[in-house]
Amino acid sequence: MNYRHAFHAGNHADVLKHLVLSRIFALLSRKEAPFAYLDSHAGVGLYDLAGDQASRTGEWLQGIARIWQAEAQPALLDDYLGVIRELNPDGALRYYPGSPELARQLTREQDRLQLNEKHPEDGALLKDNMAGDRRVAVHRGEGWFVPRALMPTQEKRVVLLIDPPFEQADELSRCVTAIKEALGRMRQTIGVIWYPIKDERQLKRFYQDLARSGAPKLLRAELFVHPADDASRLSGSGLAIVNPPWGLEEELRELLPWLAEQLAQSQGSWRLDWLIEEA
């Protein structure tokens, strides 16, 4: 309950997570049928990069600030950067969207958002930030209960983001449990787990558990800004994507090398592979 995402808003991990989410929304929007977006650990939805918390760490300067200033940005960034430009109409980068705001702006009238944030203060801020959009429901319960509490959805298509603070030692295993629960309720769930990379050896069990999760298919996408050889620092981050929409793998093979080059701090690299290939 001590974690506050405002300290890390707009860092390299946010760029990866939010860019991939924007592409998932774009691919799903090619079909008219509605979809639901569920966010288990939603945060406040909108962040002031000039605020006290973001200013204390300055992590965004090595993240979204580099992307914002980059030349020859790939067209696949247009939706993601369009939301940020909407928040910063004068061209000066100050406000950054969390996943709830990104989803709110990139989904359609027929789509629906179910956002959950357990932290009392952040939950209240999230409710304020999402006020006025009738498609959005804000919940303030335990994030791990989202699959059993909110699924199945009335929409036949659903995107579930699981992005916990990783303050507890068991959170990687709880991510796998949550995905299993979601798939048990809606086999077609597009599940997205964000996870930090500090020491890859600590992630070995997580990868094994994901591979045994019973998901129809599961894509692993990872972005490194340092070599993964120092457990005391955040070397990068990853996304485990269950049932990725068709076309996402091809897009990530274009985006990840560019991101690794733009966001590298000591040494940038990337990985994209299937932990579970489609039968």
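Cut-offs and rules
Counting restarts for each chain, with residues numbered from 1 along the sequence as it is written. The model is predicted, so local features are restricted to residues of pLDDT at least 70 and side-chain atom pairs to those at 80 or more, both for listing and for counting; the totals for chains, interfaces and linings are taken over all residues. Remark: hydrogens and water are excluded; side-chain values derive from all non-hydrogen atoms of the structure. By definition, any uninterrupted DSSP run of H or I lasting at least four residues is a helix, any uninterrupted run of E lasting at least two residues is a strand, and each is numbered from the N terminus. Only protein chains enter the area calculation, which uses a 1.4 Å probe; residues under 20% of their type maximum are buried, those over 50% are exposed, and those in between are partly exposed. Note on definitions: a residue-residue contact is assigned when non-hydrogen atoms from the two residues lie within 4.5 Å. Any residue with an atom within 4 Å of a point lines the site, the site being either a cavity, points on a 1 Å grid over the protein atoms alone where a 1.4 Å probe fits but cannot get out, or a pocket, an open set with protein on both sides within 12 Å along at least 5 of 7 lines. Grid points are joined across faces, edges and corners, and a volume is the space filled by probe spheres set on the points. Counted as a polar contact is a pair of N or O atoms within 3.5 Å, where, for protein atoms, one must be capable of donating a hydrogen and the other of accepting one, and residues adjacent in sequence contribute only when both atoms are in side chains. UniProt positions are given in the numbering used here, feature names are shortened, and annotations may be inferred rather than shown by experiment.

*Asks:* Help me understand the environment of Gly123, please; the structure alone is not making it clear to me.
*Replies:* Here Gly123 shows up in helix α6 (residues 120–130). Exposure remark for Gly123: the relative accessible area of 0% places this residue in the buried category. Along the backbone, Gly123 and Leu87 are 36 residues apart, and their C-alpha atoms lie at a distance of 21 Å. Contacts of Gly123, omitting those with residues within four sequence positions, involve Glu117, Val138 and Arg140.

*Asks:* Can you help me understand the layout of surface pockets in this one?
*Replies:* Empty pockets left among the atoms are what a rolling probe the size of a water molecule brings to light. Here the largest pocket defines a volume of roughly 1200 Å³. Where the lining of the largest pocket is concerned, the elements lending two or more residues are α1 (12–28), α5 (99–106), α8 (171–185), β7 (190–197) and α9 (200–211).

*Asks:* I'm lost on the side chain of Arg135 in this one. Help?
*Replies:* With respect to the element layout, Arg135 can be found in the loop between α6 and β5 (136–139). Of note is the side chain of Arg135, whose polar atom sits 2.9 Å from the backbone oxygen of Arg104. At a separation of 2.8 Å, a polar atom in the side chain of Arg135 contacts the main-chain carbonyl oxygen of Arg108. Not counting residues within four places of it along the chain, the set of residues in contact with Arg135 comprises Arg104, Thr107, Arg108, Glu109, Asp111, Arg112 and Leu113.

*Asks:* What is the right way to read the UniProt feature "active site" (unreviewed entry) in the protein from this model?
*Replies:* Feature annotation in UniProt places "active site" (unreviewed entry) on Asp163, given in this structure's numbering. Among the structural elements, Asp163 can be located in the loop between β6 (157–162) and α8. If sequence neighbours within four positions are ignored, Asp163 has contacts with Lys17, Ser40, His41 and Trp194. Engagement of the side chain of Asp163 in a polar contact is seen with the side chain of Lys17, the distance being 2.5 Å.

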